[in-house]
Amino acid sequence: MKRVHFLWCIVPLGLVLFHFGLGERWLYAETAVRIQLQGFAAEASDQILTARELYLNAEKAAHPDDVLLRARLRIDTARTTILAGAPLNGVKQIERLLGNHADGILPSQLRAEARATRALGLYYAAYALRLDSPEPAVWQPELDSASQLFRDLFEDASREGRAQEAVFYARNLEACVRLKRTRQAELASLPTPPAVLATLNRGVSAKKLPIDEAP
């Protein structure tokens, strides 16, 4: 009877520990992911600023110790910052994320996505800067950095046998090469990507695009 009584005592204790441990973390994650999914839907409908706000809210809802989910949401926030017309701010957000996790705690896949998002921001910034000015000194540093990042990502994916990702990075690298080689007049005659238009509207020539920073 004593053993049975002991078991009845430890089961509630186990539930309490679960609630304030993994259970509590899962509850936070459930709320955060639900908001994140709303952000995905808004982003798919081209409601970029709404999506960005939802990703920020999702990060606030995530458990403070849920490093991976919070990193995932910061990448989402940076991506929508870029698409909203502030690519260099999005790049800075990714640089802070990678700098804060230089210890390698982020899985390689998540780190690769962060690097790809940084490359995307640099590419869009270079595109807008080039439309704004024909001088290579204005736009080439960002474009060269984007090209190198996509090249590194392509080589990593190829070496690790991730064929679909390798193709994706190769195509982005090709886009960087085309942007560098296309003549100014021809570039101006081509359809401008929405993110580049948004960047131009925010005044890319100053290289300081005023949009609220992610925390």
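Conventions and cut-offs
- Counting of residues starts from 1 at the beginning of each chain's written sequence and follows it residue by residue.
- Reporting of local features is limited, given that this is a predicted model, to residues whose pLDDT is at least 70; pairs of side-chain atoms are given and counted only at 80 or more, and all residues count toward the totals for whole chains, interfaces and linings.
- With hydrogens and water set aside, each side-chain value is computed from the structure's full complement of heavy atoms.
- Helix and strand definitions follow DSSP, with helices as H or I runs of at least four residues and strands as E runs of at least two, each counted in order from the N terminus.
- The protein chains shown are the only cover counted for residues, whose accessible areas, like all others here, come from Shrake-Rupley with a 1.4 Å probe.
- Categorising residues by exposure relies on relative accessible area from a 1.4 Å probe, with only protein chains included: less than 20% of the type maximum marks a residue as buried, more than 50% marks it as exposed, and the intermediate range marks it as partly exposed.
- This arc is built from the directions going out from the helix axis to the C-beta atoms.
- In this description, contact between two residues means that some pair of their heavy atoms is separated by no more than 4.5 Å.
- Ring pairs are drawn from Phe, Tyr and Trp, using the six-membered ring of Trp, whenever the two centres fall within 6.5 Å, and their geometry is named by plane angle: stacked under 30 degrees, edge-to-face over 60, tilted for the rest.
- Salt bridges are identified by distance alone: a Lys or Arg side-chain nitrogen within 4 Å of an Asp or Glu carboxyl oxygen.

Scanning the protein chain from N- to C-terminus turns up ten helices and zero strands. In the protein chain, the succession of helices and strands from N to C terminus is α-α-α-α-α-α-α-α-α-α. Summed over all atoms, the accessible surface of the protein chain reaches about 12100 Å², with 60% contributed by carbon and sulfur.

Looking now at helix α10 (residues 194-201). Taken together, the buried positions of α10 are A195, V196, A198 and T199. Seen along its axis, α10 keeps its buried residues to an arc of 160°; they face one direction. Away from the buried face of α10 by more than 90 degrees, exposed residues P194 and N201 are located. Contact partners of the buried residues in α10: α4 (67-83), α5 (87-100) and α6 (108-132).

Turning our eyes to something else, we now look at the packing of aromatic side chains. Counting across every chain of the model gives four aromatic pairs. Ring centres of Y123 and Y124 lie 5.7 Å apart, and the angle between their planes is 55°; this geometry places the pair in the tilted category. Both residues of the pair, Y123 and Y124, count as buried. Between F168 and Y169, the ring centres sit 5.5 Å apart and the planes meet at 65°, which makes this aromatic pair edge-to-face. Among the aromatic residues, those joined into a cluster by ring pairs are Y123, Y124 and Y127.

All chains considered together, the criterion is met by twelve salt bridges. R74 is the partner of E59 in a salt bridge, and the nearest nitrogen-oxygen pair spans 2.5 Å. Highlighted residues: E59 in helix α3 (residues 48-61) and R74 in helix α4, separated in sequence by 15 residues. The network of salt bridges with shared partners includes E43, R72, D76, R79 and E113.

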